[in-house]
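# Per-entry structural report
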Amino acid sequence: MSFEALHKAIYDGDAAAAANITKGFVASGSPIREILEQGLIAPMSVVGEKFKACEVFIPEVIISAKAMHSALAVLEPHFSKSGIRPLGTVVIGTVKGDLHDIGKNIVSMMLKGAGFVVEDFGIDVGPQKFVDRVKRGGVDIIAMSSLLTTSMGAMADTVSSLRGAGLREGVKVMVGGAPVTQEFASKIGADAYASDAATAADKARDLLKR
Ligand code: B1M
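Parameters and conventions
- Residues numbered from 1 in each chain as written.
- Predicted model: local features only at pLDDT ≥ 70, side-chain atom pairs only at ≥ 80, totals over all residues.
- Heavy atoms only, no water.
- Helix = DSSP H or I, 4+ residues; strand = E, 2+ residues; numbered from the N terminus.
- Rg over C-alpha atoms; globule rule 2.2 N^0.38 Å.
- Areas by Shrake-Rupley, 256 points an atom, 1.4 Å probe, with all protein chains shown as cover.
- Near = heavy atom within 4 Å.
- Polar contact = N/O pair within 3.5 Å; in protein donor to acceptor, adjacent residues only side chain to side chain.
- Nonpolar A, V, L, I, M, F, W, Y, C, P; charged D, E, K, R; others polar.
- Buried < 20%, exposed > 50% of the residue type's maximum accessible area, 1.4 Å probe, protein only.
- Expected span 1.5 Å × (residues − 1).
- Arc of directions from axis to C-beta.
- Contact = heavy atoms within 4.5 Å.
- Pairing = 2+ DSSP bridges.
- Axes fitted to C-alpha atoms, helices over the stretch in contact; angles between N-to-C directions.
- Right-handed = clockwise from strand over helix to strand, strands pointing away.
- Parallel < 35°, antiparallel > 145°, perpendicular 65-115°, else oblique.
- Donors = N, O, S within 2.8 Å, 3.2 Å for Na, K, Ca; no water.

## Overview of the overall build of the protein chain
- The secondary structure content of the protein chain amounts to nine helices and five strands.
- Computed over C-alpha atoms, the radius of gyration of the protein chain comes to 18 Å, within 12% of the 17 Å expected from 2.2 N^0.38 for 210 residues, which places it in the range of a compact globule.
- With the C-alpha coordinates aligned to their principal axes, the bounding extent of the protein chain is approximately 50 × 35 × 25 Å.
- For the protein chain, the accessible surface area stands at approximately 9800 Å², while carbon and sulfur atoms represent 55% of it.

## Examining the site of the ligand
- Surrounding the ligand, one finds 27 residues, the nearest of these being Leu99, His100, Asp101, Ser145 and Thr149.
- The separation between a nitrogen atom of the ligand and a polar side-chain atom of His100 is 2.7 Å.
- A distance of 2.9 Å separates an oxygen atom of the ligand from a polar atom in the backbone of Thr149.
- Elements represented by at least two residues in the shell around the ligand include exactly α5 (102-114), β3 (141-145), β4 (172-176) and α9 (197-209).
- With four residues, α5 is the largest single contributor of residues to the shell around the ligand.
- Counted by class, the shell around the ligand contains 16 nonpolar, eight polar and three charged residues.

## A short note on the side chain of Thr89
- You can see Thr89 is positioned in strand β1 (residues 89-94).
- Given a relative accessible area of 14%, Thr89 falls into the buried group.

## Details of helix α2 (residues 15-27)
- Helix length check: α2 (13 residues) gives 18 Å between terminal C-alpha atoms against 18 Å at 1.5 Å per residue, within 8%.
- Taken as a whole, α2 has its buried residues at Ala18, Ala19, Ile21, Thr22 and Phe25. In an axial view of α2, the angular spread of the buried residues amounts to 165 degrees, which keeps them on one side of the axis. Facing away from the buried surface of α2 by more than 90 degrees, the exposed residues are Ala16 and Ala27.
- Elements in contact with the buried residues of α2: α1 (3-12), α3 (32-52) and α4 (58-75).
- Count one or two residues on from α2 and you reach Gly29, which has phi positive near 85 degrees.

## What to know about the sheet that holds strand β5 (residues 192-194)
- Taken in spatial order, the five strands of this open sheet run β2-β1-β3-β4-β5, and their pairing is parallel. The strands lining the two open edges of the sheet, one partner per strand, are β2 (117-120) and β5. Within the sheet, the average angular offset between the axes of one strand and its neighbour, ignoring direction, is 25 degrees.
- Two strands pair when backbone bridges link them, and β3 and β4 are joined in this way by five bridges, in the parallel orientation.

## Comments concerning the pairing of β4
- For β4, the buried fraction is high: four of the five residues fall into the buried class.
- Here β4 runs beside β5; their pairing, made up of three bridges, is parallel. For Val175, the partnering residue across the bridge sits in β5 and is Tyr193.
- The β-α-β motif built from β4, the intervening helix α8 (residues 182-188) and the parallel element β5 has right-handed crossover chirality.

## A closer look at the packing of α1 against α4
- Running from N to C, α1 and α4 cross one another at 135 degrees; their axes reach a closest spacing of 6 Å. With respect to each other, α1 and α4 are oriented oblique. Taking contact as the criterion, the partners of Ala9, Ile10, Tyr11 and Asp12 in α1 are, on α4, Ile63, Ser64, Ala67 and Met68.
- Tallied by class, residues from the contact of α1 with α4 come to six nonpolar, one polar and one charged.

## Considering the coordination of the cobalt atom of the ligand
- Counting protein donors around the cobalt atom of the ligand gives one, His100 (NE2), at 2.1 Å.
- Looking at the element boundaries, His100 is found in the loop between β1 and α5.

## Focus on the environment of Phe51
- Among the structural elements, Phe51 can be located in helix α3.
- Measuring from C-alpha to C-alpha, the distance between Phe51 and Tyr11 comes to 12 Å, with 40 residues separating the pair along the chain.
- Residues within four places of Phe51 in sequence aside, it is in contact with Val56, Phe57, Ile58, Val61, Asp196, Ala197 and Ala198.

Put into structure tokens, the structure is as follows:
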């Protein structure tokens, strides 16, 4: 049982091995935070960097993230008693009129891998659904994905609706998806834009540091 073996299981996408090795660490009394940070988040960060550098591709990211999640499920029941708090809560969705979810799901996985709690609202998510969730409290970031030039306007509508409800100051907004650009993000008043899933996790972390 070693972190190297756990990293290898995550790189290889071997979910059963990742969960079993993590169970071994927990049973041996290793600190939960150390298992989380050195055993799980570290290899997912490496996968994210390799993805950005085009050294690995979407299928590898997905299988690594799945393995990481199976290990994370072993750790989760121990989080509260170990004093581990998530980095923040992200509510993510593909915006209204848009049914593409492959990229959004990868972003969601990378955010979980980075230590965020992610509430995934799925596809075709209208502004009011985001607004209602922010109203209930506890949301740090609204993350919106769009793959269609025709659905990008729904991102602007969501920002306006948050503003209209007096909620804009209390939550960060991040946008992304193939047709979305930094210029568009700035124009609609989003706080951050990310071109890919690994960058989305970095930007989400940065947003909450400010
Ligand atoms: Co659609 N589709 N599609 N499609 N589809 C595109 C997007 C299109 C570019 C194809 C084309 O014409 N060349 C085109 C859009 C043109 C445009 O608007 N500019 C298009 C169209 C027109 C349509 C329909 C209108 C077709 C029709 O019915 N006539 C229709 C629309 C339906 C609707 O949404 N209302 C439609 C339908 C579909 C399918 C259902 C068949 C299917 C979606 C299946 C699904 O998602 N479950 C589909 C697919 C698969 C595609 C392509 C082929 C692939 C998209 C994809 O998954 N890419 C796409 C063409 C293409 O891209 N080559 C196309 C892989 C994915 C990992 O990348 O989503 O970009 P991506 O995510 C990346 C980044 O963008 C970023 O990180 C991800 C990972 O790095 N990212 C974020 C994404 N969200 C982010 C959020 C962030 C940050 C980063 O912060 C919050």
